[in-house]
Amino acid sequence: GAVQAFASLPISSTAVALPAAIRNAKVDFALITVETDQVRFRADGTDPTAAVGHLLNANDQLELHDASEIDKIRFIRVTLDATLRISSGRAKTYR
């Protein structure tokens, strides 16, 4: 597969999804790197809170391998604002 897009996403005190340009691009993998501070995420379409969700620390990486996960995942900061760096693309060949 090939990387098709790169994006930076600021994470603050309101839960956010990945950018629409990535979610709408029919990608099936994403590599997400956390910068600056901790974030929490949920991949079931429900917004995380600063206390509930999977914890990622600064410099952690998260790999997603499913278009549904990419569409549903949501992030929120734990204490201070953070930034996500996202590379995404298609791992599978579709005919």
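An account of the accompanying structure is given in this report. Note that the structure is a prediction, hence the values are computed from the model and not measured. (Residues numbered from 1 in each chain as written. Predicted model: local features only at pLDDT ≥ 70, side-chain atom pairs only at ≥ 80, totals over all residues. Heavy atoms only, no water.)

**Thoughts on the pairing of strand β4 (residues 39–42)**
Here is step 1: In the sheet, β4 pairs with strand β5 (residues 54–56) via 3 bridges, with the strands oriented antiparallel. By the bridge assignment, Val39 is partnered in β5 with Leu56.
Here is step 2: For β4 and strand β7 (residues 74–77), the ladder comprises 4 bridges, and the chain directions are antiparallel. Residue pairing across strands places Arg40 opposite Ile76, the latter belonging to β7. (Pairing = 2+ DSSP bridges. Helix = DSSP H or I, 4+ residues; strand = E, 2+ residues; numbered from the N terminus.)

**Brief notes about the packing of aromatic side chains**
How two aromatic rings sit relative to each other is set out by the distance from centre to centre and by the angle between their planes.
Here is step 1: Counted according to the given criterion, the structure contains 1 aromatic pair.
Here is step 2: Their ring planes at 40° and their centres at 6.0 Å tell us that Phe41 and Phe75 sit as a pair that is tilted. Of this pair, Phe41 sits in strand β4 while Phe75 sits in strand β7; the two residues are 34 residues apart in sequence, bridging distant segments of the chain.
Here is step 3: Of the residues examined, Phe41 reaches a relative accessible area of 10% and is grouped as buried. (Phe/Tyr/Trp six-rings, centres within 6.5 Å; stacked < 30°, edge-to-face > 60°. Buried < 20%, exposed > 50% of the residue type's maximum accessible area, 1.4 Å probe, protein only.)

**Points about the nonpolar core**
Here is step 1: Counting 20 residues, the largest nonpolar core has Leu18, Phe75 and Leu84 as its most contacted members.
Here is step 2: Mapped onto this core, the elements with two or more residues apiece are β1 (2–11), β3 (29–35), β4, β6 (61–64) and β8 (82–90).
Here is step 3: Not counting the four nearest positions on each side in its chain, Leu84 is found in contact with Ala7, Ser8, Leu9, Ile11, Ile32, Thr33, Val34, Val39 and Phe75. (Core = buried A, V, L, I, M, F, W, Y, C linked by side-chain atoms within 4.5 Å. Contact = heavy atoms within 4.5 Å.)

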